[in-house]
Each structure stands twice: as structure tokens, then as C-alpha cells.
2 protein chains.
Amino acid sequence: MVKEKAEKTSYQLKVPKGTKDWDGIDMVIRDQIFDTIKKVFKRHGGRTIDTPVFELKEILSGKYGEDSKLIYDLADQGGELCSLRYDLTVPFARWLAMNSSVSSISRYQIAKVYRRDQPAMTKGRMREFYQCDFDMAGVYDQMAADSKVLTITSQVFEALGWNGRYTIKINHRKILDGIFEVCGVPEEKLRTISSAVDKLDKLPWAEVRKEMTEEKGLDPEVADRIGEYAVQKGGVDLLEKLQKDEKLAANASASAGLADMALLFEYLQPWGVMPNISFDMSLARGLDYYTGVIYEVITEGSAGKSKDSSKPDSSKPRKPVDADEDRSNDPSVGVGSVAAGGRYDNLVGMFSGKQQIPCVGISFGVERIFSITKQRLAAASASLQPRLSAADVYVMAFGGKGFTGMWPERQTVVKKLWDADINAELQLKIKPKLPQQFKAAETLGVPFVVILGEEEQAKGMCKVKEMGLPEGHPEKDGVEVQLDGLADEVKRRLEKWRAEKEVVSGLQALGMQ
Amino acid sequence: MVKEKAEKTSYQLKVPKGTKDWDGIDMVIRDQIFDTIKKVFKRHGGRTIDTPVFELKEILSGKYGEDSKLIYDLADQGGELCSLRYDLTVPFARWLAMNSSVSSISRYQIAKVYRRDQPAMTKGRMREFYQCDFDMAGVYDQMAADSKVLTITSQVFEALGWNGRYTIKINHRKILDGIFEVCGVPEEKLRTISSAVDKLDKLPWAEVRKEMTEEKGLDPEVADRIGEYAVQKGGVDLLEKLQKDEKLAANASASAGLADMALLFEYLQPWGVMPNISFDMSLARGLDYYTGVIYEVITEGSAGKSKDSSKPDSSKPRKPVDADEDRSNDPSVGVGSVAAGGRYDNLVGMFSGKQQIPCVGISFGVERIFSITKQRLAAASASLQPRLSAADVYVMAFGGKGFTGMWPERQTVVKKLWDADINAELQLKIKPKLPQQFKAAETLGVPFVVILGEEEQAKGMCKVKEMGLPEGHPEKDGVEVQLDGLADEVKRRLEKWRAEKEVVSGLQALGMQ
């Protein structure tokens, strides 16, 4: 056979710009986040679909406005022209249009998307990154699906252990439209004025007003009228105040939006979401395709003025972005909403031609949630730290002079444990040294070791030792156990250990500190 | 705000050639397969890494021989030239070379790879498909890691419920090399003769001999000597026979290979893998980079002569393919090995320049495992069928004249269940009809429904009903339960139901039929 020669590489060993390898404990934490989110999605009837990583180029074109230039194309190697997906929303809408027998579905998708943007690794802006979307398509009673998506959002952050430390900013496209109409914004300025309002989370009103009047030529009186509305935040109180506003009541769009919000707040109450809701009149979001309620989730330190946002590039027009962009990847929006979404009733029709399927959804910014989770884990107690390996037991052997290594005996014991569904490891050395075996067990962080010895073996016994017991503990040196019932004994001890250690399991425990 | 207009699409709504959307029950089954495999990988200390879907073009070049033409390139949009990954082995080797502090790791990766091949959907040959790899990198005692990888392979198929219905064909590169030397194959014909031998799983010896002598110009006497060896299959018996062969004993390569096999069989014995092993002298595998043991897993109907393979394109030279190709995607090899792998000690050195890290690994062909699993599920009992939704409870309400729909009450009850980690659903209709609610519960396949009624509610009670109870069962119409302790009661009933229904959980149960 031809033997490979070790060639010297003449090129740089690296991953492409804006991408990274995920490994080590970061990978474990990210997987925990995915598992946590998936569990909530499934609890709410979520089913996943898996679409190809590239789509026909024409499917994506005309969906992202100016940002289309960020789409990765595949080389033309003959055949169809394809592009890497830019988000998960357009492929979902394409799927709905292709599967016209599906009249309603709660679908989630956790997958990578691709944007040929200028990467900013420190800010978590990557060219390849995950999106994590839950969307409800179909006709439900007014605001019922919207309230469910917001409940799911809240339950995701509770399951991640955020324990109320997040705010769901919420507004409604129709209320915004109504306010702009009532204040007298000319039709052709609606979009640009809306994008100015959206900057109120980062800029004081005076600066936003300046942008409206000086840059965008809005009548200062109109701007002032907008300002009176846009700076308001609150909850049911604000809603009631706006409902009493005669000008808004007389406006069809505003009053429809306010009626929606009233229903939404009513439905969110029994589901325990209202304490985390902030009705925020300045929330506008850049996307054209939203048609109803819009929302964005922020957490401690993820909103407010930052070095980065204090110099907004106001000369650059606000880009028409897709549903997911500002949630996780757009530095021009906020300093870090950790999730965002809204209702988009007309997108599927862009593919199906006529059949519209109303949709409402949420997208979680995994990279940001990861950064925050990692910080919180760093500050958390040792017992909450995830382990690099899933190994629960390390099987080792020791002996005196003439020690054989007990390889076949270790093989037999480890097999017994595997058969009982126990994650057991052993050193892949025929004659291992005891200190090396203990070191391996410690590195893996196993809670228990099983120690074989030639004398004990002869009596049909072995030792089970819990790691990390304090000096003086009666079982510090382990306990003798019959080889026969070993798997049951280890299982029992593991269950007890888990019950004591993990009162609340997973990331949710972060919220209990 | 600008309103989207429903445009008529002027292009075909489809996914790119050779790709597909995964959805519905297929998606559920595939996820179950992934979860099952991952559990075994983790049991054996497997850690996952996630590499980018595209690599620098130069990383992939020179690794796949002729098949390099199947690599998808990204368009040159400025900046680095990149290609979609072709397998997971080369990115893993690249990662090892970049992370030189890692001297040993058991890593798994389950991810999509891309090949611009002629798709054959019915045969499961796609342009975008999953690979599912486990590899052990590092220096371990001779054959210890090899035996562990084969044990993992066996445990994966047991966990998938194959219950012994698979054969691990095994051979050794050094034994093959030795045999070819002993038989007198000229150095320059080694590769082409090896690839002819590999066809013995599909062709009778006479045809393979013809290919060797007529097409490839091998001396007929040499061919006959090879034939005597290559047609042999067996276990420890065959090994002992070969060890007594004086010509092989005198050959350095063959005797090293046979010594490896002896150790391997010794180690596989206590781990219960030997009953599924077939030492198959005709197994050669196409890949240049294997340096030791090689293996391939077949199952009922996945090997032997097929319509497809009875006409091998012998005019086409056997392509130098990567570790994973023939496992899942290469129609020219076998009719369906469901997993394959081997030892490759020199690949990492191609990247690192000098530092070699010996590796041994296995790759599972997910698409084929999926097809077989789906067939077996179709023939299995109803209780083993996966459910489309994870919902366990459906909360509904009914009432007589003036029925309000009990929306807030249903909201409160469903919230109680969610808080107790129960997957509960409800109809998102303020005034639902009872038959529609029952229909939804049946569609979801929930085992239990909770029924609210205005009279029961007034007494602080509701009804819990198990679905699908036979006529005459005392609880056929449900039982009255206090609203107060509802979550506990439902949890208790769910656990009991699960314990009765799922003696062995997951796909493993398929093997118990």
C-alpha cells in the first residue's frame, strides 16, 4: 500500500475568517444551552425541521434588501446557482409555501446561518453563527399564539437560570403606524422616522430629534409630538393611558394595535409573564415584514448606552434587515438584545403567491446567551460547573510486586457497568500505574472510582470510592463491595449523589444562587 | 410602514438538487438515532467539537485524490477561497494539528458534509448528508483504542435495537500488504490489486481474478495465490490458521498484522464483541491513509450481490476515497455498509508537518441506518412508534349553554403543569368546541387529557382521562381529581404509564421484539 509521507504544509493552518472551532468546555456549555432551549420548545409542541444549508439563490434574493450583499454564494460549478442561508426565517417560509397541506405548525430550528459581514469576534459577530428560532404558523384566536410565543420566551430564560433578570420590551407595528399618522409624519418618511425612533434605547431624545429634523427633514413640531409618545415605557398603566388618548382612539391603526395589546396583556397575566414585560413605545425594529406585535429581550448590561453605540453611524441608512439579524449579529442595533421577534403575517405569501399563513416567532441569540451564561458560570459555585466528560465512574486496578495490571478483570468490570447504562472509563493500558489512574479520574471529574486489587478480586470483592470526600469521612478510603452486585451498588450511589448534588438540574440552577 | 405585497414567484419553489428538507416523523426518527448514538459516544468519554461548515480551500486540497472534483467551492467574493467540508476526518485532523497541546482525545462529531456527486435519492446518495464520527487520537497501548472503537461500534448497534443482527467485517492493512508481498504482487500494482480484492464482497472470485489478470496484467499464478488467501473468512480459527502459515510468519508486515489481530481478538472477547466479528481477508477498503486495522459493518440485506453492484464499473480505477465515503455515500463500494473505519496514524502529520498523532475511528452512515430503522419501525408494534409531538397532556374544557370557554382557567391549569415540567398543550381558542379539542389531543397522541368543566371547577375539581382505554375499563370516562394537587397526580400517572409502556426505552426496544 502507498504510505503517506508527512508533507510540510505550505499554507497557514487556520479556519476561515469569521468562523471558529467550538471545543472544550465552551462546547459543553453551548450544548447545555441548546438542550435547555429545546426542552422548552418541545414542551410547547415544537417540532423541528432541518432545511439544507444552501438554498437556490433566487429563493434568497429580494428578501434582505441592502444586506443581500452579505449573502455567501456557492461557486458556479455547473448546475443550479445556490447561496448559503442567511437566516432560518426565509427557509421556513419557503418550506411552508412548498408544504401547502400544513395549515398550522409550531416549528423550531437550531442551525447555523452565514453572513459575509465584517467579523467582530469580541462582540460575538461571526460570519458563521447559530440561530435558534421558534415560530408558530397558522390561524389562532387573536393574540393567543402571540401570548404563547412570549410565554415560551420567558420560560426559556427561566430554564436558563436567568430568574427574572431579563426584560421583554414590547410594542406593536400598528400602534407605531397610528402614532406616526396622528403626529403627521408624511407617508414617504414613515420608514426613516421609525428607524430613528428605534435608536431611543441608545440615544437621548434630543439626539434622535436632531436626526429627525436636521438629517431627515421632519417638521420639528411633528418630531416633538412623536417625542411625547416615544419616550414612554410602562405596562398596563401605559396601555390604559394610551387607550384614553382621544387622537389615538380615533385612528384605526392605533386603536387596533391597542386592542391587541390589551388582549395580549390579559393573556400573559395567568402565564406569569407580565412582571418581565415592558411596553416600550420606542421599540420599532428595522424589519419591514412585521405586521403586529414586536419584541426584543434585554438583560442586565445588554442594553443602555455603550461605547459602541454612542457613535451611531447615522449617515448610513438603517438597513432593512431580516427578522433575526438585530437579535444576534447586527452591531448597529442595541448592544445586545438576547432574543427578538414579532408577528409577520405576509412573508409566506411572497413564496406561495397567494396563500398567506400568518406567523409569529422568536429567535434567540445563542452567541450572546452563551457569553452571559459563561460569565455567570464563572461566578457560580463549583457544583454548578459543567464537566468536560460525561464519565461517572473510573475503573482502576492496583497491586504489589508482580502486578499483572488486571486488564481482563478491568475489562469485565467496565463491561458490567456499561451494560447497566453507567458511563464508565478505564485506562487503555495493560499495566497502568495507580497514580496515573487517579490523575485520569480527577481530570475527568468522575464522582466515583472502582478499585480492583488482586487480593480483593480473589474474595470476589472490589472497592467503591467517592471522590472528593473530606478528611475523616468514614468512607474516605472507599467501601468494599461485592463484585457480583457492583453495577447495582454503583447505580444506587450515583443516584443518591445526583439527588444530593443536583436539586435543580442544569442551567436553571444558576438562578437559584 | 411599508407593507409587503404578495408577489407571484417567477421561479420554481424547490430545494437544491441532491438536498432535502427533513420534517415530520422522519425528523423525529433521525433525532432518535442521533440521540442514541450520542449517548453511547458520551458513555465512552466522547467529547464533541464543532468545526465550520467551510474550510480554506487549500486545507481540503490534496486529500481526496480524484474525488476533489466533488468538492463544493464558495464563490470568490473577495477574501479567502473556501470550500464546503467533504467529510469530518480532514477537519478533525486540521483541528488536531492546530491544537498541538491536545495529545489525546476521544472526539465525536455529527454534522453535515457536502459532495457535488450525482445524487441518487432512492439509494440515499445525497449532496448534503450527515456523517457521524467517533475517533480516538493519541498513544494508547497496542490495540487497546482499536478494541474500544469496535466495542463502541457494537454498543451503538445494540442501542439502536439491532440485537446482534450486524456483522463487523475486519481486516488489517499490514496483513494485506504482507499477503501481496508473499504472493509476489509487483510494488506498482499493489494499489490496483488491493482494490480488486475489495470487490470480493460483490463479485465471485472468478470475476475478480479476471480483472486482476486481464485488465490489470497480473501474473495468473500470483492471482491464484492471492485467491487462496482472499476468499477466507472466519474468526479466531482463521487467525490461528494464518499464524501457522510459514510464508506469512516470515513476512514482517504480515506477522505484525497477525500479532495485532491476536491482541485485538483477545481484547474484544470480554467486551462481548467477538460474536459479531468476521475476519474477512477480502476487506481492503479504498483509502490510502489506513495504516492498521480496517473494518466495515454490514447488516441483513446490506451486503451481498445487488442489482447495482453486479455491474461494477471496472474500467474506472478505484478512487482513492476518504475514510468516510464508502460508509455512506459511495455507490461503487458494497451495497451498504452501515459503518466503517480503521486506524490512520499518519494523517495528522500531513497538517502538522512533523508531529504525528495516531488515530483510530469509526463513521456511521446515518442515512442508511435511518432507512433500516424506519423499515423496522414500520413492522414494529404501535407502542414502539415515535410520536410527532412531545406533548403528554392536553388541557380542555367543556360546558353547556352559556359556556365561556374557560380560557383563563385552562391557562391557569396548563401553567401549573408547565411549572411541574409536564409537556402540556391547550387549544389556542377562547371558546373551543369539545370534539375539536379531543381531535387535537388524538392528533398529538397525548396519553392523558385534563378536562375542565364549570361545575367541577366550582367544586375545585377537574377530570383526568387516560386516552385509549378499552371499553368497560373503570377509568374509561376519566377520574375526578382535585385541582390543587393536579400536577402531582398527572405526574404520577404519567410515570406509571411510562413504566408500563416503556420497559426498554427508545430504539433499543426494537431489538426486543
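Residues numbered from 1 in each chain as written. Chains lettered and ligands numbered in written order. Predicted model: local features only at pLDDT ≥ 70, side-chain atom pairs only at ≥ 80, totals over all residues. Heavy atoms only, no water.

Draft legend 1. Expanded view of the pairing of strand S5 (residues 128–137) of chain B. Residues and elements named next belong to chain B. Across the ten residues of S5, ten count as buried, placing the element largely inside the fold. Burial of the side chains of S5 extends over both faces: Glu128, Tyr130, Cys132, Phe134 and Met136 are buried on one face and Phe129, Gln131, Asp133, Asp135 and Ala137 on the other. With six bridges connecting them, S5 and strand S11 (residues 359–364) associate as antiparallel partners. Pairing of Asp133 across the sheet is with Ser363, part of S11. (Buried < 20%, exposed > 50% of the residue type's maximum accessible area, 1.4 Å probe, protein only. Helix = DSSP H or I, 4+ residues; strand = E, 2+ residues; numbered from the N terminus. Pairing = 2+ DSSP bridges.)

Draft legend 2. Representation of the relation of the copies chain A and chain B within the structure. The two copies are related by a screw operation: chain A maps onto chain B through 180° of rotation and 0.0 Å of translation along the axis, at an RMSD of 0.1 Å. Look at the turn and shift together and you get a two-fold axis relating the two. Both copies present the same face, since 100% of the interface residues in chain A are matched by interface residues at the equivalent positions in chain B. (Least-squares fit on C-alpha atoms with pLDDT ≥ 70 in both. Contact = heavy atoms within 4.5 Å.)

Draft legend 3. Seen up close, the packing of aromatic side chains. In total, this model carries 30 aromatic pairs over all chains according to the counting rule given. Aromatic pair Phe54 of chain A and Tyr114 of chain B: ring centres 5.8 Å apart, planes at 50°, arrangement tilted. Of this pair, Phe54 of chain A sits in strand S2 (residues 54–56) while Tyr114 of chain B sits in strand S4 (residues 105–114), on two different chains. Assigned by exposure class, Phe54 of chain A and Tyr114 of chain B land together as buried. Ring geometry for Phe41 of chain B against Phe134 of chain B: centres 5.1 Å apart, planes inclined by 45°, an arrangement best described as tilted. Note that Phe41 of chain B is positioned in helix H1 (residues 24–43) and Phe134 of chain B in strand S5, a separation of 93 residues in sequence. (Phe/Tyr/Trp six-rings, centres within 6.5 Å; stacked < 30°, edge-to-face > 60°.)

Draft legend 4. Structural context of the pairing of strand S10 (residues 339–344) of chain B. Residues and elements named next belong to chain B. Counting buried positions over the six residues of S10 gives six, a clear majority of the element. Residues Ala339, Gly341 and Arg343 of S10 are buried on one face, and the alternating residues Ala340, Gly342 and Tyr344, pointing to the opposite face, are buried as well. One ladder, built from four bridges, connects strand S9 (residues 293–299) with S10; its direction is antiparallel. Residue pairing across strands places Glu296 opposite Ala340, the latter belonging to S10.

Draft legend 5. A look at the sheet that holds strand S5 (residues 128–137) of chain A. All names here are of chain A. Across the sheet, which stays open at both edges, the nine strands sit in the order S1-S4-S5-S11-S10-S9-S6-S8-S7 with mixed pairing between neighbours. Edge positions in the sheet fall to strand S1 (47–48) and strand S7 (233–234), since each has one partner strand and no second. Pairing of strand S6 (residues 166–172) with strand S9 (residues 293–299), which is carried by seven bridges, proceeds in the antiparallel orientation. By the bridge assignment, Asn171 is partnered in S9 with Ile294. Sheet strands touched by helix H11 (residues 252–268): S6, strand S8 (277–280) and S9. Its angle to S6, the strand with the most contacts, is close to 150°. (Axes fitted to C-alpha atoms, helices over the stretch in contact; angles between N-to-C directions.)

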